[in-house]
Amino acid sequence: MLGNLEETNTTTSPLLSAFNDDHIRNSSVDFDFICKTIIVGDSAVGKSSLYQRFSSDTFSDSHITTESVEFGFRFIDTLNSRCKVQVWDCVTSASKAIMNSVYKGSNAIILLYDVTNKDSFASIEDWLLEIRQYADNNAMVYIVGTKIDLSNRVVSQIQGETLAEKLGVDYWELSSKTSEEVDGLFFKIVANQQDNDASALNSSIENSSRYASTLSASGIDVRASFAEKKEQSDSTF
């Protein structure tokens, strides 16, 4: 089961100033790392429904139109850490300036399509071009098929998986209405982010150790400080 929903928060704002993460990081609940997650895709594919299911565990059959950008978060517990997952629901017609601000610093990007709508599936590669343009290179992309509870499906799971493999990204399917596989998606995102953070830190420490060896060869001994850094990292993950 996904981590406890000990604190949630939602915000709607059309202003770029709302994209400042400083206030997001201030919380009475301790956490080990943050995963900023963006939801994008064609209009009416279920972006707001997924956001609503994630942030408040609710669903509405009425079409939800996002006026600008909505933001929410919840805490997810893994075996040995707690992640603060931020989710940003973006209106499809948001300006480039807004999208550039939203994409900045993102760890995961959920690219939605509707399994009952071929056009939304055909748009995936165009969306991926935008993601590559604005998002950081290390942001993980997840192609996600929505509305799998419906009987009039026109895009098969195999088609989705094949495209994701071709594009070199992860694939998932879910239903925001029934909540099927919603928790699974976010748990996967958190687990991947934790692995990425650990790999990045280990790589940094390895590079630092090599640099320390170079300095030591020049008569400067800095190995002790890097050993402390490694010890601290081992206790963090």
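Parameters and conventions
Residues numbered from 1 in each chain as written. Predicted model: local features only at pLDDT ≥ 70, side-chain atom pairs only at ≥ 80, totals over all residues. Heavy atoms only, no water. Salt bridge = Lys/Arg side-chain N within 4 Å of Asp/Glu carboxyl O. Helix = DSSP H or I, 4+ residues; strand = E, 2+ residues; numbered from the N terminus. Buried < 20%, exposed > 50% of the residue type's maximum accessible area, 1.4 Å probe, protein only. Core = buried A, V, L, I, M, F, W, Y, C linked by side-chain atoms within 4.5 Å. Contact = heavy atoms within 4.5 Å. Arc of directions from axis to C-beta. Pairing = 2+ DSSP bridges. Phe/Tyr/Trp six-rings, centres within 6.5 Å; stacked < 30°, edge-to-face > 60°. Lys NZ or Arg CZ within 6 Å of the ring centre and 35° of its normal.

Q: So what's going on with the pattern of salt bridges? Which residues, and what values?
A: The full count for this structure, using the stated rule, is seven salt bridges. D170 is the partner of K188 in a salt bridge, and the nearest nitrogen-oxygen pair spans 3.3 Å. Separated by 18 residues along the polypeptide, K188 in helix α7 (residues 182-217) and D170 in strand β7 (residues 170-173) bring together distant segments of the chain. By relative accessible area, K188 is classed as partly exposed at 24%. Taking the relative accessible area as the measure of exposure, D170 reaches 22% and is therefore partly exposed.

Q: Pulling in residues and values, what's your account of the nonpolar core?
A: V40, Y103, I109, Y113, I124, I131 and I143 are the most contacted members of the largest nonpolar core, which totals 32 residues. Elements supplying a minimum of two residues to this core: β2 (33-41), β3 (69-77), β4 (82-90), α3 (96-103), β5 (108-114), α5 (124-134), β6 (140-146) and α6 (157-167). Counting residues per element, this core draws most heavily on α5, which supplies five residues. Filtering out sequence-adjacent residues up to four positions away, Y103 remains in contact with V40, I109, W127, E130, I131, Y134 and A135.

Q: Hey, could you go over α6 for me, with residue numbers and the actual values?
A: Working note: α-helix, 3.6 residues per turn, so residues spaced by three or four point in the same direction. Of the residues making up α6, those classed as buried are G160, L163, A164 and L167. Angularly, the buried residues of α6 cover 100 degrees about the axis, an arc narrow enough to put them on a single face. Away from the buried face of α6 by more than 90 degrees, exposed residues I158, E165 and K166 are located. Tucked into the core, α6 has its buried residues touching β5, α4 (118-122), α5, β6 and β7. The positive-phi residue at the C-terminal boundary of α6 is G168, with phi of around 75 degrees.

Q: Could you give an account of the environment of E161, naming the residues involved and the relevant values?
A: Note that E161 resides in helix α6. The exposure class of E161 is partly exposed, given its relative accessible area of 37%.

Q: Account for the pairing of β4, naming residues and giving values.
A: Here is the key point about a regular strand: its side chains alternate between the two faces of the sheet. Within β4, nine of the nine residues are buried, which leaves the element mostly enclosed by the surrounding structure. Where burial is concerned, the two faces of β4 agree: the one with R82, K84, Q86, W88 and C90 and the one with C83, V85, V87 and D89 are both buried. Direction of pairing for β2 relative to β4: parallel, over a ladder of seven bridges. Considered in β4, the bridge of F33 is made with C83.

Q: Before we move on, can you summarise helix α2 (residues 47-56) with the specific residues and values?
A: The element α2 is largely enclosed, with a buried count of eight among its 10 residues. Considered for burial, the residues of α2 that qualify are K47, S48, S49, L50, Y51, R53, F54 and S55. Of the residues one or two after α2, D57 is the one with positive phi, at around 55 degrees.

Q: An account of unusual backbone geometry is needed here, citing residue identities and associated values.
A: Of note in the backbone geometry, D57 takes a positive phi value of approximately 55 degrees without being a glycine. Within the secondary structure, D57 sits in the loop between α2 and β3. Here the phi dihedral of S179 falls at roughly 70 degrees; this positive angle occurs in a residue that is not glycine. One can find S179 in the loop between β7 and α7.

Q: How would you summarise the packing of aromatic side chains if you had to cite specific residues and measurements?
A: Within the structure shown, the criterion is met by seven aromatic pairs. For the ring pair F71 and F73, a centre distance of 6.1 Å and an interplane angle of 50 degrees mean the geometry is tilted. The buried category is assigned to F73, whose relative accessible area is 4%. Consider the rings of F71 and W88, whose centres lie 4.8 Å apart with planes at 50 degrees: the pair is tilted. Residue F71 is found in strand β3, and its partner W88 is found in strand β4; the two are separated by 17 residues along the sequence. Residue W88 is classed as buried on the basis of its relative accessible area, which comes to 2%. Across the ring face of W88, the terminal group of K36 is positioned such that the distance to the ring centre comes to 4.8 Å.

Remember, this is a structural readout, not a statement about activity or role.
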